[in-house]
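Residue-level structure breakdown
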Amino acid sequence: MHSPTAARPRSRQISGKPPWFLLVPGLVAAAVALLPVAYLVIRAFDSGTGRVLEVLARDRTIELVVRSLLLTGAVTTACVLIGLLFAFLVVRSDLPWRRTLGVLAALPLAIPSYIAAFAWVASPFDMSGFRGAFLVLTASCYPYVYLPVVAAMRGIDPATEEVARGLGKSAWQAFWSVTARQVRPAAAGGALLAALYTLSDFGAVSLLRYDVFTRVIYSSYRSSFDRTPAAILSLLLVVITVTIVVGESRLRAASEHVRVGGGTARTPTLIRLGRWRWVAGSTVVGVLGLALVFPMVSLSYWSATGLSRGVDTSRLVESAITTAWFALLGMIACVLLAVPVGVLAARYRGRGSAFIEQATFAGHALPGIVIALALVFFGIRYAMPIYQRTPMLVLAYAVLFLPMAVTSVRSSVAMSSPRVEEVARSLGKTRGQVLRQVTLPLAAPGIAAGAALVLLTAMKELPATLLLQPTGSRTLATSLWTETGIAAYAAAAPYGLGLVLLAVLPTLVLMKVQAGR
Amino acid sequence: MSSTLLSRLLVLPVLAGFALTGCSSLPGGDGASGKDGEDIVTIYSGRNENLVGPVIDKLEEITGVEVEVRYGDSAELAAQLLEEGDRSQADLFFSQDAGALGALAKEGRLATLDESVTGSVLAGYADTEHHWVATSARARVIAFDPEQAPEVEKMTSIDDLLDPTYEGKIGIAPTNASFQSFVTALRVDRGEDGAREWLQALKDNDPQIYDKNGAILDAVDKGEVALGLINHYYWYEKQDEVGADQLNAKIHFLGSDDPGALINVAGVGVLSSSDNVKGATKVIEYFLSEEGQRYFTDETSEYPVVPGVEARDGLVALEKLEGSSVDLNHLDSLATTLDLLDEVGLT
């Protein structure tokens, strides 16, 4: 029998130093994640501090930082609102067809933002500029908030709300005062991923012609062939990222809750929407129409046009298999590195583990090209045997997507109580056994969710794949890039559709894992 | 459920070990890159696979040289080659424009080509220091909607675009390398002040900004804008894709010594760190052979750069085409161009 526990935040940690089998792999993960930052420092200060200051002081740099932050702020806010609303409607309300809508609401994650942007560009509607970038990025990113919040709401023991009800609160008040507070860490973690994705996005903003920070970085490489200003501006992006990450961890630290046990199968009380159900229903349908139906219809239309003209099917299949294989390896590498970091961050809060956790996020807002060049720099010097081979690309995916897995592992470990682990210790288990037999099994659904998230994101990756993949291999994203490079929309669309369909699988796994909790 | 998930998670380290120890037999495996010996020519191509893949297949067949190609964006590949330094496995860099080749040459990453190679093209289509040679050329043109702006056909200068009639109706791609090369030519031709003046006047005419030439042509074709600045071959490609009767947009060559009539090139250079200069040179020689030149002419609708090869139907021969007299070797000051575009606010 599980009993509700409202353990106080400070008792969430385990006293004492973290064991070596967490600390050593954690440090390895941090070192890997910091490679791009190390490269940027080397490159930026190559031509002296004066140059750094000169680039930073340009009016345009400041203007673009402001524009980027505005877009990021707007997208993140919208993602949090949509994510929370949808999670509430799916898990706790009596909205009709909420199970089906719940699955559909996660699917925009399978559509790469550059494909959604392409759908708008190829349409008769004028969506260029801020509104287009805002719409496309919000549609692509709100699942980052929605999914963990759904998981957190499902994971909360209904008994805590029942206690509140017993104290005289209404169903709505009980939800607001108990459950809404408990999902704050999950929402904050999701908001962080959404914010960093928006900062790092290049494909959608460039297609929709909204000028932000990543575009200066790209144009610095593309037209001045000068890597120094690009490196300096990228470092500025790292500073902004770290500021956001630290802010999020403060917000989270103030509100984490734990419980004992793996969870109950009981369904919590549903809150009746009454006459609000029409408003709620049409909001959900409206968002899904823009985020899912529209891009899918556009993509299907162009695919049909492309397929009728004949598409190289064997190349399509080969690209799909290669995409799945690279992404699968990237997922494995990410999870292996993320487990120690996530457990450390959830259990041993101290300077060391805070550093390790934040280090894994440092490069997460960097555009893919920067990460790719960093790995070119280190790879050819210190890892020549694997340079432009599969392991190198897997390493790049690990650097790029580690934070997604870390967020999932940390929040799922944080939701179980360390007291259970202490009980296991007192029964004579070693710390390694406790990790294997208690901590990880309890966190398994969250870890699996993180793995699925990495898998589907890695499938969409382009810039690092182009520079680091083994010579001669093709993924769906690189084939799509080849076709759009000569503006053949119709010929490109089948690869886009293939990519979306392939990414739907891990998205459904993600939903299933969380629904099973 | 948790226990089955856990058992699956425990399989992961095994799989990962497998991945890290090399897995070339699996899909997307490492293929031939593992045996990069003296006889394979590794090309870093900034030109699209769909455009140049067939000609590379053909040259392998004809010359017997074994070739491996990595495709990417020209500038990103140039950055990659600069980061790789002397350890690079690349033998040949095939660039979409002269700028990326110039950047590598400046850093000493390109070897000097034999004069018999650089001398085989039309005058002005090779680097004066023999670091690179053009393989094909393209012209800047004005794409226009004949319903909205039939008078474009009579234009001879980019100054005609500044007419208030075209306010809000001109499409440009200022972040695209082809537009930036044009602005560089404008600077070389009219000086910094003259270029700034023209750009400012263009900006005051409220041009619509796109990220690619293809997007501009689509906009002109749909009538969203009356005219746009693009490269000539986008129009030919679009015509081949949708059919001549489906294409509303037309193109016009300014046909005068004007920066708007700039002729730019795609070209190749051999890396100074190459261990197969002989093979790489054979590849260049094939690109410049009659057969290679015919390919660029017929399949990608570009201009041949070797004397005696005729351009595609409807295109005036390169030797006879009246274009900007700006020397391509002077188009390496892109950083200054970018600063100017920043200053004017066209990005």
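Residues numbered from 1 in each chain as written. Chains lettered and ligands numbered in written order. Predicted model: local features only at pLDDT ≥ 70, side-chain atom pairs only at ≥ 80, totals over all residues. Heavy atoms only, no water.

**Things to note about the overall build of chain A**
Along its length, chain A carries 22 helices and zero strands. For 517 residues, the compact-globule formula gives about 24 Å, and the C-alpha radius of gyration of chain A, at 23 Å, lands near that figure. In terms of overall dimensions, chain A has a C-alpha envelope of 65 × 55 × 50 Å along the principal axes. Buried positions account for 62% of the 517 residues belonging to chain A. Contacts in chain A between residues at least 24 apart in sequence constitute 86% of all its contacts with a sequence separation of at least 6. Surface summary for chain A: the accessible area is close to 19000 Å², and the carbon and sulfur share equals 66%. Distance from the positive charge centre (46 side chains) to the negative charge centre (21 side chains) of chain A: 8 Å. (Helix = DSSP H or I, 4+ residues; strand = E, 2+ residues; numbered from the N terminus. Rg over C-alpha atoms; globule rule 2.2 N^0.38 Å. Buried < 20%, exposed > 50% of the residue type's maximum accessible area, 1.4 Å probe, protein only. Contact = heavy atoms within 4.5 Å. Areas by Shrake-Rupley, 256 points an atom, 1.4 Å probe, with all protein chains shown as cover. Lys, Arg positive; Asp, Glu negative; His and termini not counted. Charge placed at Lys NZ, Arg CZ, Asp CG, Glu CD.)

**Points about the overall build of chain B**
Helices and strands together make up the secondary structure of chain B, namely eleven helices and nine strands. Expressed as a percentage of the 347 residues in chain B, the buried residues total 59%. Of all intrachain contacts in chain B linking residues separated by at least 6 positions in sequence, the fraction that spans at least 24 positions is 75%. When the accessible surface of chain B is totalled, it reaches about 13500 Å², and 48% of it is carbon and sulfur.

**Focus: helix H1 (residues 20-44) of chain A**
Over its 25 residues, H1(A) extends 35 Å from the first C-alpha to the last, a length consistent with the 36 Å expected when each residue adds 1.5 Å. Considering bend angle alone, the principal kink of H1(A) is centred on A:Leu34 and spans about 40°; proline A:Pro36 follows within four residues of it. (Expected span 1.5 Å × (residues − 1). Bend = angle between axes of the 7 residues up to and from the residue.)

**Some remarks on the packing of helix H14 (residues 313-347) of chain A against helix H19 (residues 431-460) of chain A**
All names here are of chain A. Put simply, H14 and H19 touch, their axes get as near as 8 Å, and they point 140° apart. The orientation of H14 relative to H19 falls into the category oblique. The handedness of the crossing between H14 and H19 is right-handed. Contacts from Thr323, Ala327, Leu328, Gly330, Met331, Cys334, Val335, Val339 and Val343 in H14 reach Leu435, Leu440, Ile447, Ala451, Val454, Leu455, Ala458 and Met459 in H19. (Axes fitted to C-alpha atoms, helices over the stretch in contact; angles between N-to-C directions. Parallel < 35°, antiparallel > 145°, perpendicular 65-115°, else oblique. Left-handed = near helix turned anticlockwise from the far one by under 90°.)

**Observations regarding unusual backbone geometry**
Residues and elements named next belong to chain A. Not every positive phi belongs to a glycine, and Trp97 is a case in point at roughly 55°. Along the polypeptide, Trp97 turns up in the loop between helix H3 (59-92) and helix H4 (98-106). Among the residues examined, Trp97 registers a relative accessible area of 70% and is labelled exposed. The phi dihedral of Gln388 falls on the positive side, at around 55°, and the residue is not glycine. By secondary structure assignment, the location of Gln388 is in the loop between helix H16 (368-382) and helix H17 (390-414). Gln388 sits in the buried class, given a relative accessible area of 6%.

**Some details on the packing of aromatic side chains**
Residue and element names in this part refer to chain A. Counted by the stated rule, this structure contains 21 aromatic pairs over all chains. Taking the centre distance of 4.0 Å and the plane angle of 25° together, the rings of Trp120 and Phe294 count as stacked. Placement of Trp120 in helix H5 (residues 113-121) and of Phe294 in helix H13 (residues 276-308) is noted, with a sequence separation of 174 residues between them. The exposure class of Trp120 is buried, given its relative accessible area of 6%. Both rings, one in Tyr301 and one in Trp302, keep their centres 5.5 Å apart while their planes meet at 75°; by these two values the pair is edge-to-face. Counting every residue linked through ring pairs, the aromatic cluster contains Tyr39, Phe377, Phe378 and Tyr382. Sitting over the ring of Phe377, Arg381 keeps its end group 4.1 Å from the ring centre. (Phe/Tyr/Trp six-rings, centres within 6.5 Å; stacked < 30°, edge-to-face > 60°. Lys NZ or Arg CZ within 6 Å of the ring centre and 35° of its normal.)

**A short note on the nonpolar core**
Residues and elements named next belong to chain A. Judged by nonpolar contacts, the single largest core of 182 residues is most densely connected at Tyr142, Tyr146, Tyr221 and Leu468. Among the elements that take part in this core, H14 stands out by supplying 17 residues, more than any other. Leave out the neighbours within four places in its chain, and Tyr146 touches Gly83, Phe86, Ala87, Val90, Gly102, Ala105, Ala106 and Met511. (Core = buried A, V, L, I, M, F, W, Y, C linked by side-chain atoms within 4.5 Å.)

**Notes on the confidence of the model for chain A**
Per-residue confidence for chain A gives a mean pLDDT of 83; residues scoring 70 or more make up 92%. Between the elements of chain A, mean pLDDT differs from a low of 75, seen in helix H11 (residues 213-224) of chain A, to a high of 92, seen in H14(A). (pLDDT = per-residue confidence, 0-100.)

**Considerations on the pairing of strand S9 (residues 263-270) of chain B**
Residue and element names in this part refer to chain B. In terms of burial, S9 is largely enclosed, as eight of its eight residues are buried. Burial along S9 is two-sided: Ile263, Val265, Gly267 and Gly269 facing one way and Asn264, Ala266, Val268 and Val270 facing the other are all buried. When strand S4 (residues 133-144) meets S9, the two strands line up antiparallel, connected through six bridges. Within S9, the residue paired with Val133 across the bridge is Val268. (Pairing = 2+ DSSP bridges.)

**With respect to the pairing of strand S7 (residues 227-231) of chain B**
Residue and element names in this part refer to chain B. Most of S7 sits inside the fold, with five of its five residues counted as buried. The pairing of S4 with S7 spans five bridges and is antiparallel. Within the sheet, the bridge partner assigned to Phe144 lies in S7 and is Leu227. By the bridge criterion, two bridges tie strand S5 (residues 170-172) to S7 in an arrangement that is parallel. Bridging across to S7, Gly171 finds its partner in Gly228.

**Here we look at the state of the cysteines**
Taken as a whole and assessed by the stated rule, the structure comprises zero disulfides over all chains. A:Cys79 takes part in no disulfide bond, and the closest cysteine sulfur, belonging to A:Cys141, lies 5.1 Å away. (Disulfide = S-S within 2.5 Å.)

**Considering the environment of B:Leu315**
Residue and element names in this part refer to chain B. Mapped onto the fold, Leu315 is located in the loop between helix H10 (290-298) and helix H11 (334-344). Given the relative accessible area of 10%, Leu315 is considered buried. Excluding residues that lie within four positions of it along the chain, Leu315 makes contacts with His232, Tyr236, Phe253, Ser301 and Tyr303.

**What to know about helix H8 (residues 232-242) of chain B**
All names here are of chain B. With eight of its eleven residues buried, H8 lies for the most part within the structure. What H8 keeps buried is the set His232, Tyr233, Tyr234, Trp235, Tyr236, Glu237, Lys238 and Gln239. Downstream of H8 by one or two residues, Gly243 has phi in the positive range, about 95°.

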